[in-house]
Amino acid sequence: MEFVMDNELKLAKVWCSHADQKDEAKQQKLKEFIADCRKKKIFVCVYESGDGDLLENTKELLAYNLNNQVTRSKAAKSRDDAR
């Protein structure tokens, strides 16, 4: 498990391998780290190794975000037009 802290941005990044995800002691350490960061108002981003195809999953995520961004933009425009 790798912890990267950026105090200037108030951002903590945690990288977890498959082995880290299965290790109860490491998961407990992660929970304590997250709780400590919350007290300090530091945002924590946890990256976990997955089982899927990285390229395909990335394509799907980008397509999903693009489609939902357009939907949110249209909804915001509709609200503005109604005012």
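Just so we're clear, the structure is a prediction, and the values are computed from it rather than from any experiment. (Residues numbered from 1 in each chain as written. Predicted model: local features only at pLDDT ≥ 70, side-chain atom pairs only at ≥ 80, totals over all residues. Heavy atoms only, no water.)

(A) Fine view of the overall build of the protein chain. When helices and strands are tallied, the protein chain shows 3 helices and 3 strands. Sequence-ordered secondary structure for the protein chain, helices as α and strands as β, is β-β-α-α-β-α. A total of 83 residues make up the protein chain; the buried ones form 11% of that total. Contacts in the protein chain between residues far apart in sequence, at least 24 positions, make up 58% of those at least 6 positions apart. Here the protein chain displays about 7,100 Å² of accessible surface, and carbon together with sulfur accounts for 54% of that area. (Helix = DSSP H or I, 4+ residues; strand = E, 2+ residues; numbered from the N terminus. Buried < 20%, exposed > 50% of the residue type's maximum accessible area, 1.4 Å probe, protein only. Contact = heavy atoms within 4.5 Å. Areas by Shrake-Rupley, 256 points an atom, 1.4 Å probe, with all protein chains shown as cover.)

(B) Broad picture of the sheet that holds strand E1 (residues 2-6). Read from one edge of the open sheet, 3 strands run E1-E2-E3, paired in mixed fashion. Where the open sheet ends on each side, the last strands, each with one partner, are E1 and strand E3 (43-48). Pairs of neighbouring strands in the sheet enclose a mean axial angle of 15 degrees, with direction left out of account. Where strand E2 (residues 11-16) and E3 come together, 6 bridges link them in parallel fashion. Bridged to Leu-11 within E3 is Phe-43. (Pairing = 2+ DSSP bridges. Axes fitted to C-alpha atoms, helices over the stretch in contact; angles between N-to-C directions.)

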